[in-house]
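# Observations on the model geometry
Below, each chain spelled out in residue letters.
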Amino acid sequence: MKIKSQNKCMTVFGMVEMVEAWTLTLKEENQLLVAERKVLRKILGPTKREDGSWRVRSNLEIENLVAEPNIIGEIKAHRLRWLGHVERMGEDRSVRKAYLGRPVGRRPVGRPKYRWKDRVEADLSELGASNWQETAQDREKWHVLVSEAKTHFGSLSQRSK
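Everything numeric here is computed off the predicted structure, so don't read it as measured data.

## Some words on the confidence of the model for the protein chain
Across the protein chain, pLDDT averages 84, with 86% of residues at or above 70. Element-level pLDDT for the protein chain is lowest in helix α1 (residues 5–15), with a mean of 53, against a maximum mean of 93 in helix α7 (residues 132–137).

## A word on the packing of aromatic side chains
Using the criterion set out here, one finds 1 aromatic pair in the structure. On the basis of an interplanar angle of 80° and a centroid distance of 6.2 Å, the ring pair of Tyr99 and Trp116 is categorised as edge-to-face. Here the residue Tyr99 occupies a position in helix α5 (residues 94–100), and Trp116 occupies one in helix α6 (residues 116–127), the gap between them amounting to 17 residues. Residue Tyr99 shares its accessibility class with Trp116, and that shared class is buried. Geometry around Phe153 places Lys76 over its ring, the cationic atom sitting 4.5 Å from the centre. Its end group placed over the ring of Tyr99, Lys117 keeps NZ or CZ at 5.1 Å from the ring centre.

## Topic: the pattern of salt bridges
In the structure shown here, the tally under the stated rule is 9 salt bridges. Here Arg55 and Glu61 are joined by a salt bridge, their closest N and O atoms 2.5 Å apart. For Arg55, a relative accessible area of 26% translates into the label partly exposed. Classification of Glu61 by relative accessible area gives partly exposed; the value is 25%. Across the pair Glu87 and Arg96 runs a salt bridge whose closest N-O atoms are separated by 3.8 Å.

## Details of the packing of α6 against helix α8 (residues 139–153)
Contact geometry for α6 and α8: axes closest at 11 Å, N-to-C directions at 85°. The pairing of α6 with α8 is recorded here as roughly perpendicular in orientation. Across from Asp123, Leu124, Glu126 and Leu127 in α6, the residues of α8 making contact are Trp142, Leu145, Glu148, Ala149, His152 and Phe153.

## Remarks on unusual backbone geometry
Residues other than glycine predominantly adopt negative phi, and peptide bonds predominantly adopt the trans conformation. The backbone of Asn131 sits at a positive phi, close to 60°, despite the residue not being glycine. For Asn131, the location among the structural elements is in the loop between α6 and α7. The exposure class assigned to Asn131 is partly exposed, which follows from its relative accessible area of 43%.

## Comments concerning the packing of helix α4 (residues 71–88) against α8
Direction vectors running N to C along α4 and α8 enclose 160°, while the axes themselves pass 7 Å from each other. Judged by the inter-axis angle, α4 sits roughly antiparallel to α8. Judged by the sense of rotation from one axis to the other, the crossing of α4 with α8 is right-handed. The segment α4 lies against α8, with Ile72, Gly73, Glu74, Lys76, Ala77, Leu80, Arg81, Leu83, Gly84 and Arg88 engaging Arg139, Trp142, Val146, Ala149, Lys150 and Phe153. Split into classes, the residues belonging to the contact of α4 with α8 amount to 8 nonpolar, 2 polar and 6 charged.

## A few points about the nonpolar core
If you look at the biggest cluster of nonpolar residues, it comprises 17 residues, and the most contacted ones within it are Leu80, Leu83, Tyr99, Val120, Leu124, Trp132 and Trp142. Looking at this core, the elements with two or more residues in it are α4, α6, α7 and α8. No other element matches the 5 residues that α8 contributes to this core. Each residue touching Leu124, except ones within four places of it in the same chain, is listed here: Leu80, Leu83, Ala129, Trp132, Trp142 and Leu145. Core analysis: the second largest hydrophobic core is formed by 7 residues, Leu24, Leu33, Ile72 and Ile75 among them.

Here is what the cut-offs are and how they apply
- Residues numbered from 1 in each chain as written.
- Predicted model: local features only at pLDDT ≥ 70, side-chain atom pairs only at ≥ 80, totals over all residues.
- Heavy atoms only, no water.
- pLDDT = per-residue confidence, 0-100.
- Helix = DSSP H or I, 4+ residues; strand = E, 2+ residues; numbered from the N terminus.
- Phe/Tyr/Trp six-rings, centres within 6.5 Å; stacked < 30°, edge-to-face > 60°.
- Buried < 20%, exposed > 50% of the residue type's maximum accessible area, 1.4 Å probe, protein only.
- Lys NZ or Arg CZ within 6 Å of the ring centre and 35° of its normal.
- Salt bridge = Lys/Arg side-chain N within 4 Å of Asp/Glu carboxyl O.
- Axes fitted to C-alpha atoms, helices over the stretch in contact; angles between N-to-C directions.
- Parallel < 35°, antiparallel > 145°, perpendicular 65-115°, else oblique.
- Contact = heavy atoms within 4.5 Å.
- Left-handed = near helix turned anticlockwise from the far one by under 90°.
- Nonpolar A, V, L, I, M, F, W, Y, C, P; charged D, E, K, R; others polar.
- Core = buried A, V, L, I, M, F, W, Y, C linked by side-chain atoms within 4.5 Å.

As structure tokens, then:
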């Protein structure tokens, strides 16, 4: 039994909004994965053992039944898709200016906050995407890279590394 992709899309898009701008910590990623699996366990329901008792499905069973990338893969793919869009923008666009701009003034004391650009570049380096600025100019190549990111980041086997 495979879950329909329509239910998966409703689950993901019902949980996230404006994901292109999110900078997630590892703790937040884990919280999103837990929430997603909780919803999918409700949709899929329990499974019956040979002795007639019921049990909850494991994370691996859920991943095999859904057979689509998890919410983290979707979020990282959305961020990369937005990065490609920003890279192709003209220099006069305000979003592009904000992306390329450097803030002035002093930073607050302590560890710097996670920056969106740093997270996206870390994702690209994990994918092995060198020279990504040129790849972003070609929409078809960028679409392939975003699809690879969705499958790479959206599996339990990748999360356990």
